[in-house]
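Here is how the chains run, residue by residue.
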Amino acid sequence: MIKKIILYIILIITALVTVTPFIWMISASFMTDGEASVYPPNFLPSSFFWGQYKLLFTRLNVASNFFNSLFLSLIVTIISIFLNSMAGYAFAKFKFKNRDKIFNLLLSSMIIPAQVTMLPLFLMLKNLGLINTYMAIIIPGLANIFGIFLIRQYVVSIPDSLIEAARIDGATEFQIYYKIIMPLAKPILVTLGLFTFMGVWNDFLWPLIALTDNSMYTLPVALANLMGEHTKDPELMMAGSVITIIPVIVVFLVLQRYYIKGIMMGSIKG
Amino acid sequence: MNFSQKNKLTAAYFFLAPALSAIFVFFFIPVIAAFFISFTDFDIYSLSNYSNARFVGLKNYISLIEDPLFWQALKNTFFYVIIAGPLSIIVSLLAALLLNSKLVRFKSIFRLTYFLPVVTTLIAVSIIWRFIYHPKFGILNYLLDLFGINSIDWLGDPNLALPAIILMSVWKNFGYNMIIFIAGLQNIPEYLYEAAELEGASYWQQLKSITIPMLAPTTLFISIITMIGFFQLFAEPYVMTQGGPINSTLSVVLYMYNEGFRWWNMGYSAAIAFVLFIIIFVATLIQFKVQKVNEAIE
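Counting restarts for each chain: residues are numbered from 1 in the order of the written sequence. All chains are assigned letters beginning at A, and all ligands numbers beginning at 1, according to the order in which they are written. Residue-level local features of this predicted model are given only where pLDDT is at least 70; pairs of side-chain atoms are given and counted only at 80 or more, and the full residue set underlies all totals for whole chains, interfaces and linings.

## Considering the overall build of chain B
Consideration 1: Scanning chain B from N- to C-terminus turns up 14 helices and 0 strands.
Consideration 2: Numbering of helices and strands runs from the N terminus; a helix is a DSSP stretch of H or I covering at least four residues, while a strand is a stretch of E covering at least two. In sequence order, the secondary structure elements of chain B are arranged as α-α-α-α-α-α-α-α-α-α-α-α-α-α.
Consideration 3: Using C-alpha atoms as the atom set, the radius of gyration is obtained and then compared with a globule rule of 2.2 Å times the number of residues to the power 0.38. Expected size for 298 residues packed as a compact globule is a radius of gyration near 19 Å; at 24 Å, chain B overshoots this value by more than 25%.
Consideration 4: Expressed as lengths along the three principal axes of its C-alpha atoms, the size of chain B is roughly 80 × 75 × 40 Å.
Consideration 5: A residue is called partly exposed when the number of other C-beta atoms within 10 Å of its own lies between 12 and 20, exposed at 12 or fewer, and buried at 20 or more, with C-beta atoms placed from the backbone. Within chain B, the fraction of its 298 residues that count as buried is 41%.
Consideration 6: Once C-beta atoms have been placed from the backbone, residue pairs whose C-beta atoms lie within 7 Å are recorded as contacts. By sequence separation, contacts in chain B at least 24 residues apart represent 66% of the contacts at least 6 residues apart.

What follows is the structure, encoded as structure tokens:
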């Protein structure tokens, strides 16, 4: 019994440590200017003050940053689901020359840190006149190796007989992919979509490099930029953080089991 | 080759072409290009006309070796990886063990709570923690004050800024590895524990001779992905300290960013990126080797 109580105490303290920063963030975002800069700190706002949010959406124009983040996350998610699933399916179910060699080369190149590619990618996109456009974010996100790997691992377990039967029935190769593989692979597609969405939404370094105008910034870049001018305005910065964080938390809570499953799949043979 | 086989091959190439060409053009070519750029003096003048860049051989790499700021960044990054990596893995394992205990109910709620920091935006989280660490008004110093500890200038003290970032990283990341550890724990066959129980082995003995060894492959995987991720430290110092105070939180990637995209010394910056790549590569190899040696000993 004592053991059980100690166990719960540790678990609850850990949970408190985990959520306190978020609770403080939400609480401080409703405070008036200066209310979060006192000692001892206020843990609750004196009243629900919406002024910080109003300021963000009017003068600071965060709505456009929110739109950029949402639009880019969605578009990259949709495109990369198709590109990765086609390639993953090909690696799983087709025999072609050097298939395993190419697949292993892709896997081992996952060790290359993305930062290595950023300088040439910047120069390349600058040459094409694509810096500070949506394309600068979309292009590097078109396909990714981890996504191909995730899909391949899943599609391998789909029985060949299903595909063969469809071929005998006269289905074209694209119909097989679109009408058989895609529906069967739906759980992993949701997982991949979730990873991609959150990856783009949360990404910082590349958007910081590739987007140069405030109106083009995604939320994290806009937030970091805002922080430069508002180091003494925790209330405003917390409202900005709420706007950035709450959407990913909501998406995660709705689809969490797909996310957790993806982590586990990635760890089996990674 | 009959018709249907040929057809299948065409289909395979059709499915592969979009993703593989995107990866080739926007990943592999840039990697190779970065390698070449690191041997040039590509700078702001070359930016307007790429042909202004000249081949300079190993000059960038030699300058790096002589650059105290680069050594500082390397030192900080290694310190961060060596402390934050094992620390976050230990916390993950402890959390996984707790949540795997048969005594605990509401597991999924705890698991979900611990996982929340993982999915949240790093930049926003860094900004929140910057205020939590505030020397005058931060809630951390307030809580410490309740225990009689005087206010600490977490991010303003060169000796504490990096540890403060480490603390935040552990908080942010432990949930991820915890999930993988839980999966690993659930894969350990129950009968091993039953047999140990029969022989009267204590919890610690079971942990030492069953749980930890059985988790070895999981731990290797976790160590590698954690290490690769932690070597890329950037956003936290970027918004929390800008690399300061007196460069005590300057990381390799932050230095690379500053050189490449703030001062436009792109040749130099590419060399930094390549050194980072080589370090990550070698560190991964070492982890694999250590694991092999351990297996051989057992």
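## Focus: the overall build of chain A
Consideration 1: When helices and strands are counted, chain A shows 13 helices and 0 strands.
Consideration 2: In sequence order, chain A lays out its α and β elements as α-α-α-α-α-α-α-α-α-α-α-α-α.
Consideration 3: Dimensions of chain A along its principal axes, counting C-alpha atoms only, are 75 × 65 × 35 Å.
Consideration 4: Taking all contacts inside chain A whose residues are at least 6 apart in sequence as the whole, residues at least 24 apart take part in 74%.

## A few points about the environment of B:Ile165
Consideration 1: Along the chain, B:Ile165 turns up in helix α8 (residues 161–186).
Consideration 2: Beyond its immediate sequence surroundings of up to four residues, B:Ile165 is in contact with B:Glu236, B:Pro237, B:Met240 and B:Thr249.

## Here we look at the interface of chain B and chain A
Consideration 1: On the chain A side, the residues contacting the 69 residues of chain B number 69 residues.
Consideration 2: Any residue outside Ala, Val, Leu, Ile, Met, Phe, Trp, Tyr, Cys, Pro, Asp, Glu, Lys and Arg is labelled polar, Gly included; the first ten of those are nonpolar and the last four are charged. Tallied by class, residues from the side of chain B that touches chain A come to 59 nonpolar, 8 polar and 2 charged.

## A few points about the nonpolar core
Consideration 1: A:Ala87, B:Ala19 and B:Ile272 are the most contacted members of the largest nonpolar core, which totals 164 residues.
Consideration 2: Top element by residues in this core is α8(B). It accounts for 13 residues.
Consideration 3: Apart from residues lying up to four places away in sequence, A:Ala87 is in contact with A:Ala143, A:Ile148, B:Phe15, B:Leu16, B:Ala19 and B:Leu20. To count as a nonpolar core, a set of buried Ala, Val, Leu, Ile, Met, Phe, Trp, Tyr and Cys residues must be joined through C-beta atoms within 7 Å.

Interpretation in functional terms is not warranted from these geometric data alone.
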